[in-house]
Amino acid sequence: MTGCRNYRGLTEDTARVSRQCKDEDAPLGVITCDIDLFKQFNDRYGHPAGDVCLQRVASALRGALFSAGDVLARAGGEEFVALLPRLPAKATQVVAERMRLAAVALGIPHSDSSFGVVAASVGWGVHLASADSEVEQVIAAADAALYLAKDRGRNQVVGG
Ligand SMILES: Nc1nc2c(ncn2[C@@H]2O[C@H](COP(=O)(O)OP(=O)(O)OP(=O)(O)O)[C@@H](O)[C@H]2O)c(=O)[nH]1
């Protein structure tokens, strides 16, 4: 529906790009992004409108990426994961902020949100080629950062 990779595609892409980055001794940027108050959006505007919203947000998030090798997957529900081969921390943070802005710039009305429009919370992290840990641990850390962004009021980026 969103034209994104699904969860299984994400698992395959994660293995592929993390191997590629390790071989190149390059970092791998990871971003997680979740639409804010999407249950309320569905409840107020209806599930079909929710589907259209998801498609538009997915396309905006894809537009915020700039390299052909970047991966955007729908990790389930209204959550997306981006994998950014060769991106160090600072650049990953910049893309994370661009993704947040791209979602909010759509200006999709959401009267149950304090922002008045559909927004998204974003978490990020970087997997270093030298790390002993697996990239899945960085995805989990980015997810934890995303929930911190939700806790802090949504429509913001948290990571590091
Ligand atoms: N329309 C539509 N809704 C979906 C789809 N997949 C998941 N959802 C809905 O997404 C909503 C997610 O709700 P929650 O996980 O409670 O999160 P939330 O309302 O976004 O709240 P926060 O994440 O805390 O900001 C649920 O109501 C799901 O039914 C889909 O493909 N289409």
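Quick caveat: nothing in here was measured; it's all calculated off a predicted structure.

Participant: Would you mind going over the site of the ligand with me for this structure?
Facilitator: Around the ligand lies a shell of 18 residues, among which Leu37, Phe38, Asp51, Arg74 and Arg154 are the nearest. Lys39 is positioned such that a nitrogen or oxygen atom in its backbone is 2.8 Å from an oxygen atom of the ligand. Note that an oxygen atom of the ligand is positioned 2.7 Å from one of the side-chain N or O atoms of Arg154. Surface burial for the ligand is 69%, taken as the share of its 660 Å² of free accessible area covered by protein chains. Counting residues per element, the ones that place at least two in the shell around the ligand are β1 (28–35), α2 (38–45) and α3 (47–63). Residue composition of the shell around the ligand, by class: five nonpolar, five polar and eight charged.

Participant: Sorry if this is basic, but what is going on with the nonpolar core here?
Facilitator: Looking at soluble globular proteins, one finds that nonpolar side chains tend to be buried together. Membership of the largest hydrophobic core comes to 29 residues, with the highest contact counts inside it found for Ile31, Val57, Leu72, Phe80 and Met99. Contributions of two or more residues to this core are made by β1, α2, α3, β3 (79–85), α4 (89–105) and β4 (120–127). The element that contributes the greatest number of residues to this core is α3, accounting for six residues. Not counting chain neighbours up to four residues away, the residues in contact with Leu72 comprise Cys4, Arg5, Ala58, Leu61, Arg62, Leu65, Phe80, Val81, Ala82 and Met99. Listed in part, the 13 residues of the second largest apolar core include Leu10, Val17, Val30 and Val138.

About the criteria used
- Per-chain numbering applies: the sequence of each chain, read as written, is numbered from 1 onward.
- Note on the predicted model: pLDDT of at least 70 is required for a residue's local features to be given, and 80 or more for side-chain atom pairs to be given and counted; whole-chain, interface and lining totals, by contrast, use all residues.
- To get the side-chain values, take all heavy atoms of the structure and skip hydrogens and water.
- A molecule or strand has a residue near it when one of that residue's heavy atoms lies within 4 Å.
- N or O atoms closer than or at 3.5 Å make up a polar contact, with two conditions inside protein: a donor-capable atom paired with an acceptor-capable one, and, for residues adjacent in sequence, both atoms drawn from side chains.
- Only the protein chains shown count as cover for residues, and the accessible areas themselves come from Shrake-Rupley with a 1.4 Å probe.
- Secondary structure elements are defined from DSSP: runs of H or I of at least 4 residues count as helices, runs of E of at least 2 residues count as strands, and each element is numbered from the N terminus.
- In this classification, the charged set is Asp, Glu, Lys and Arg, the nonpolar set is Ala, Val, Leu, Ile, Met, Phe, Trp, Tyr, Cys and Pro, and all remaining amino acids, among them Gly, are polar.
- We call a set of buried Ala, Val, Leu, Ile, Met, Phe, Trp, Tyr and Cys residues a nonpolar core when their side-chain atoms join them within 4.5 Å.
- Note on exposure labels: buried denotes an accessible area under 20% of the residue type's maximum, exposed denotes more than 50%, and partly exposed covers the range between, all computed with a 1.4 Å probe on protein chains only.
- Pairs of residues are marked as contacts when any of their non-hydrogen atoms sit within 4.5 Å.

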